[in-house]
Amino acid sequence: MSARERILGDVRRALGRGELSEQAKAGLETRLKSGKANLIPARSDKPHDAQVDLFAEMAEGVQASVARVPDGSDVPGAVADYLAQNNLPSDIVMAPDENLDAYPWAERPLLGMRRGKAEGADQVSITAAEMAFAETGTLMLRSGPDSPSTLNFLPDTHMVVLRASQIRKSYEDGWDDIRRQMESQSNSLPR
């Protein structure tokens, strides 16, 4: 029995519920795969360029900083500029995510980069986003060996690299993307 199965079994027992019948399990699987859309705010019903603008507006509305760069080669410079403007240390812990390998970090040798999980003394981290949502300015981040969740929470400053192509109109669009990934890769839902 996996740790997940043990935990879910403990929750079921605490709630006074037994094992689900095969019919109930099939119903839940069908529900997870079909994903009925919820209410989507009209403000996000725009062309993609306008969704990118809306994402930035919504994110900045909740005190996130957004820096747009013309292309990926400018990402390390934007990181260095942000750190300098905010008097932050140039020592950074970065996710060992291959998506971040596409950027020319070596062109900024004053950035002290360490790959791995965040530790108590780390002040700045960098991760890649899975996707983002224009309707709320929210990011979707995965956790796993290539993106430890400690990077999202331990350092005071968490920087996220997001491509404009990763911005979706709504959460429902994001969940549809995740479901398609699950079907094509035979994966389970990510954390």
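Residues numbered from 1 in each chain as written. Predicted model: local features only at pLDDT ≥ 70, side-chain atom pairs only at ≥ 80, totals over all residues. Heavy atoms only, no water.

Structurally, A164 can be placed in the loop between β6 (157-161) and β7 (167-168). Looking at A164, the relative accessible area reads 42%, which means it is partly exposed. It is 9.2 Å that separates the C-alpha atoms of A164 and Q51, two residues lying 113 residues apart in sequence. Here A164 is in contact with H48 and V52, once residues within four sequence places are set aside. (Helix = DSSP H or I, 4+ residues; strand = E, 2+ residues; numbered from the N terminus. Buried < 20%, exposed > 50% of the residue type's maximum accessible area, 1.4 Å probe, protein only. Contact = heavy atoms within 4.5 Å.)

With that settled, the discussion passes to helix α6 (residues 171-185). Across its 15 residues, α6 extends 21 Å between first and last C-alpha, which sits within 8% of the 21 Å expected from 1.5 Å per residue. Turning to α6, its buried residues number three or more, namely E172, G174, D177, I178 and R179. Where α6 is buried, its residues touch α2 (22-34), β4 (131-133), β5 (138-140) and β7. (Expected span 1.5 Å × (residues − 1).)

Quick look at the nonpolar core now. Counting residues in each nonpolar core, the largest one holds 19 residues, and the members touching the most others are V79, L83, I92, L100, W105, L111 and I126. Among the elements of the structure, α4 (75-85), β1 (91-94), β3 (124-128) and β6 are those that each provide at least two residues to this core. Looking at this core element by element, the count peaks at four residues for α4. Counting residues in hydrophobic clusters, the runner-up holds seven residues, among them V52, L54, A132 and I167. (Core = buried A, V, L, I, M, F, W, Y, C linked by side-chain atoms within 4.5 Å.)

On to unusual backbone geometry, then. In this structure, Q63 is a non-glycine residue whose phi angle is positive, near 70 degrees. Tracing the backbone through its elements, the reader meets Q63 in the loop between α3 (48-61) and α4. For N87, which is not glycine, the phi torsion reads 55 degrees and is therefore positive. With respect to the secondary-structure elements, N87 resides in the loop between α4 and β1. Its relative accessible area of 72% is what places N87 among the exposed residues.

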